[in-house]
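A closer look at the structure
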Amino acid sequence: MLDAGDPAAAVVNRSSLRLAFAAALQLLSARQRGALILRDVLGFSAAEAAEILGTTVASVNSALHRARTGVRGVHTDAEPMAAEQRAWVDRYMKAFLQADVEGLKRLLTEDVIMEMPPMLNWFTGPGNYGLFMEWVFRAAGTDWRLLAVAANGQHGFAAYRRVGDAYELHTLQLFTVTAEGISRTSVFQDSEVFASFGLVARLDPEEFPSAEAHSSGPAAGMY
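From a predicted model like this one, the values you see are computed outputs, not experimental measurements. (Residues numbered from 1 in each chain as written. Predicted model: local features only at pLDDT ≥ 70, side-chain atom pairs only at ≥ 80, totals over all residues. Heavy atoms only, no water.)

So, the pairing of strand E5 (residues 166-178)
Counting buried residues along E5, 10 of its 13 residues qualify, which places the element largely inside the surrounding structure. The turn linking strand E4 (residues 154-163) back onto E5 is made up of 2 residues, and glycine 164 within it adopts a positive phi angle of 65°. The pairing of E5 with strand E7 (residues 202-203) spans 2 bridges and is antiparallel. Paired with tyrosine 167 across the strands is leucine 203, a residue of E7. Linking two consecutive strands that pair antiparallel, namely E5 and strand E6 (residues 181-188), is a turn of 2 residues. (Buried < 20%, exposed > 50% of the residue type's maximum accessible area, 1.4 Å probe, protein only. Helix = DSSP H or I, 4+ residues; strand = E, 2+ residues; numbered from the N terminus. Pairing = 2+ DSSP bridges.)

What follows is the structure, encoded as structure tokens:
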């Protein structure tokens, strides 16, 4: 079964789940669809999947191979290369540091979703996304420092807001990027998630005097 204990892996698993279903609905046969979902999404063994589908292990493995080939083709077409993904997120970080809500919205896909697990809040579409970001900058201010991070191939950043004489850790944000722009933002405010990325609780303004993105050091690319 999927590992629910790793927050970074959970984000990637949700992305894989969406991709698998999209490909399954559009491209795969019923047997391929069943094999893919049972094996790669739900984590059943080949024997368990064969029993559920009323077929043989060899048949499940064959269907799974063909399904993965189909999904791989969709993945290649839908997602840009790592450098392109990083470029989209870098532009987002620049707009964030400038509290440029309109600039943020221009980087989003029309069906963008912002999620904040484990809360049930969802914001869909650039309009609602922008309204929420306007509230964030009103409530938390516009003086931020960002540390770039990466998790299982997804790029993102840790956001620190100015509180008194230091910058305090506010959120960790990871992005799903397509060729059309940012399609999903996953925002975390969980101390266990922060710890899994090795993020410090506070930044010294003297070490980060200017509003620009920085590498998070140990956390960058560690997952």
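Some remarks on the confidence of the model for the protein
Low pLDDT marks stretches whose predicted atomic positions should not be read closely. In the predicted model, the protein carries a mean pLDDT of 81, and 76% of its residues have values of at least 70. Put simply, helix H1 (residues 7-27) is where the protein has its lowest mean pLDDT, 50, and helix H6 (residues 101-105) is where it has its highest, 97. (pLDDT = per-residue confidence, 0-100.)

Section: helix H5 (residues 82-97)
The terminal C-alpha atoms of H5, which comprises 16 residues, lie 22 Å apart, in line with the 22 Å expected from a rise of 1.5 Å per residue. Within the sequence span of H5, burial applies to Gln85, Arg86, Trp88, Val89, Tyr92, Met93, Ala95, Phe96 and Leu97. Two residues or fewer after H5 comes alanine 99, characterised by a positive phi angle close to 50°. (Expected span 1.5 Å × (residues − 1).)

Things to note about helix H2 (residues 30-41)
With 12 residues, H2 should cover 16 Å at 1.5 Å per step; its first-to-last C-alpha distance of 15 Å lies within 8% of that length. Of the residues flanking the end of H2, it is glycine 43, one or two places downstream, whose phi is positive at about 80°.

With respect to the environment of leucine 147
Along the polypeptide, leucine 147 turns up in strand E3 (residues 144-151). Residue class for leucine 147 comes out buried when judged on its relative accessible area of 7%.

Remarks on the packing of aromatic side chains
Within the structure shown, the criterion is met by 8 aromatic pairs. Geometrically, the ring pair formed by tyrosine 92 and phenylalanine 175 is tilted, given 4.7 Å between the ring centres and 55° between the ring planes. One end of the pair, tyrosine 92, is in helix H5; the other, phenylalanine 175, is in strand E5, and 83 residues separate them in sequence. The buried category is assigned to phenylalanine 175, whose relative accessible area is 1%. Measuring from ring centre to ring centre gives 5.6 Å for phenylalanine 157 and phenylalanine 175, while their planes differ by 35°; the resulting arrangement is tilted. (Phe/Tyr/Trp six-rings, centres within 6.5 Å; stacked < 30°, edge-to-face > 60°.)

Regarding the nonpolar core
It is characteristic of soluble globular proteins that their nonpolar side chains tend to be buried jointly. By size, the foremost hydrophobic cluster in this structure holds 29 residues, and its most contacted members are Tyr92, Phe96, Tyr129, Met133, Trp144, Phe157 and Phe175. Every element with two or more residues in this core is listed here: H5, H6, strand E1 (108-115), helix H7 (125-140), E3, E4, E5 and E6. If we skip the residues at most four places from it in the chain, tyrosine 129 touches Tyr92, Leu108, Val112, Met114, Phe123, Phe175 and Thr185. Ranked by size, the runner-up nonpolar core spans 16 residues in total, among them Ala151, Leu169, Leu172 and Val193. (Core = buried A, V, L, I, M, F, W, Y, C linked by side-chain atoms within 4.5 Å. Contact = heavy atoms within 4.5 Å.)

Examining the side chain of glutamine 173
In this fold, glutamine 173 is placed in strand E5. Polar side-chain contacts of glutamine 173 include one of 3.1 Å to the side chain of threonine 171. With sequence-adjacent residues up to four places away left out, glutamine 173 is seen in contact with Tyr92, Phe96, His155, Gly156, Phe157, Ala159, Thr185, Ser186 and Val187. (Polar contact = N/O pair within 3.5 Å; in protein donor to acceptor, adjacent residues only side chain to side chain.)

What to know about the pairing of E4
Most of E4 sits inside the fold, with 7 of its 10 residues counted as buried. Of the strand pairs in this sheet, E3 and E4 are connected by 8 bridges, and their pairing is antiparallel. Within E4, the position partnered with valine 149 by the bridge is glycine 156. Bridge count for E4 against E5 is 8 bridges, and the pairing is antiparallel. Within the sheet, the bridge partner assigned to tyrosine 160 lies in E5 and is leucine 169.

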